[in-house]
Amino acid sequence: MLKDRIVGTWQLISVEGRLTDGSRDYPYGQNPLGVLMYDHLGNMAVQIMGRDRPPFKSADLKGGSAQETKDALDGAAIYFGTYDTEEQTDTVRHHITGSLFPNWIGTVQRRKAAVNGNRLVLSTEPLLMGGSESVIVLEWQRMGPIV
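Residues numbered from 1 in each chain as written. Predicted model: local features only at pLDDT ≥ 70, side-chain atom pairs only at ≥ 80, totals over all residues. Heavy atoms only, no water.

Peer 1: What is the right way to read the pattern of salt bridges from this model?
Peer 2: Side-chain pairing between opposite charges can occur once the charged atoms of the two side chains come close. Taken as a whole and judged by the stated rule, the model has eight salt bridges. When the shortest N-O distance is used, the salt bridge between aspartate 74 and lysine 70 registers 2.4 Å. Of the two residues, aspartate 74 and lysine 70 are both situated in helix α2 (residues 66-74); the distance of four residues between them amounts to about one turn of the helix. Residues joined by salt bridges that share partners form a network here, namely Asp84, Glu86, Arg93, Arg110 and Glu125. (Salt bridge = Lys/Arg side-chain N within 4 Å of Asp/Glu carboxyl O. Helix = DSSP H or I, 4+ residues; strand = E, 2+ residues; numbered from the N terminus.)

Structure below.
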């Protein structure tokens, strides 16, 4: 079952945006950072960010300028909640409890899933990012043993 095969911790390999005109983009850069966790109880969390986000000038966690804060937020996607699977369609449904993007709180985000050995590929439904609609394809590699 899909739910059993995705339980664990996954390291992000790549994120690619597939735009409606057939072109590709990389919303978090060519070499993004990220981790995705699914547990046996149905909880999930994901953190994705670009490696090239510039540091704030200040060491104060809340001391970034408006532009520094915007750049940091634009370069990251972070959310958590619960999940379930639709086995017949190989779909994972993320029920969002908290998100860096507040519009997702209380929503269900559907991801088409394909597991092949230690690799997991998740594909979003079309999303609006930076004014363009695209399907985001995320490739993950399992980090450790299933607990």
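Peer 1: What is the right way to read the side chain of threonine 85 from this model?
Peer 2: Note on placement: threonine 85 falls in strand β5 (residues 76-86). The class of threonine 85 is buried, set by a relative accessible area of 19%. Within polar-contact distance, the side chain of threonine 85 engages the side chain of glutamate 87 at 2.7 Å. Among all residues touching threonine 85, those that are not within four sequence positions of it are Leu2, Lys3, Ile6, Thr91 and Val92. (Buried < 20%, exposed > 50% of the residue type's maximum accessible area, 1.4 Å probe, protein only. Polar contact = N/O pair within 3.5 Å; in protein donor to acceptor, adjacent residues only side chain to side chain. Contact = heavy atoms within 4.5 Å.)

Peer 1: Is there a simple way to think about the environment of threonine 97 in this case?
Peer 2: For threonine 97, the location among the structural elements is in strand β6 (residues 91-99). Between the alpha carbons of threonine 97 and alanine 76 there is a distance of 17 Å; along the sequence they are 21 residues apart.

Peer 1: For this particular structure, what's the right way to read the environment of aspartate 84?
Peer 2: With respect to the element layout, aspartate 84 can be found in strand β5. By relative accessible area, aspartate 84 is classed as partly exposed at 23%. Put simply, aspartate 84 and alanine 66 are 18 residues apart on the chain and 37 Å apart in space, counted from C-alpha to C-alpha. Beyond its immediate sequence surroundings of up to four residues, aspartate 84 is in contact with Thr91, Val92, Arg93 and His95. A distance of 2.8 Å separates a polar atom in the side chain of aspartate 84 from a polar atom in the side chain of arginine 93. Engagement of the side chain of aspartate 84 in a polar contact is seen with the side chain of histidine 95, the distance being 3.2 Å.

Peer 1: It is not clear to me how a nonpolar patch on the surface should be interpreted in this structure. Could you clarify?
Peer 2: On the surface, a cluster of nonpolar side chains totalling about 220 Å² of accessible area is made up of Leu73, Ile78 and Leu100. Locating isoleucine 78 in the fold gives a position in strand β5. The class of isoleucine 78 is partly exposed, set by a relative accessible area of 30%. (Patch = residues over 30% accessible without salt bridge, like charges linked within 9 Å, V, L, I, M, F, W, Y side chains within 5 Å. Areas by Shrake-Rupley, 256 points an atom, 1.4 Å probe, with all protein chains shown as cover.)

Peer 1: How should the nonpolar core be read in this particular structure?
Peer 2: One recurring pattern in soluble globular proteins: nonpolar side chains tend to sit buried together. Core analysis: the biggest nonpolar cluster contains 26 residues, and Leu36, Tyr38, Ile48, Leu120 and Trp140 have the highest contact counts within it. Ignoring any residue separated from it by four or fewer positions in sequence, one finds tyrosine 38 in contact with Ile6, Val7, Gly8, Trp10, Asn43, Met44, Tyr83, Val92, His94, Leu120 and Leu122. (Core = buried A, V, L, I, M, F, W, Y, C linked by side-chain atoms within 4.5 Å.)

Peer 1: I would appreciate a short explanation of the pairing of strand β10 (residues 132-142) in the present structure.
Peer 2: Sheet topology places strand β1 (residues 8-19) next to β10; nine bridges connect them, and they run antiparallel. By the bridge assignment for β10, leucine 12 is matched with tryptophan 140. Alignment of strand β8 (residues 119-124) against β10, held across five bridges, turns out to be antiparallel. Its bridge partner lying in β10, leucine 122 is registered against leucine 138. Count of turn residues in the strand β9 (residues 127-129)/β10 antiparallel hairpin: two residues, of which glycine 130 carries a positive phi of about 65 degrees. (Pairing = 2+ DSSP bridges.)

Without other data, these values stay purely geometric and don't point to any function.
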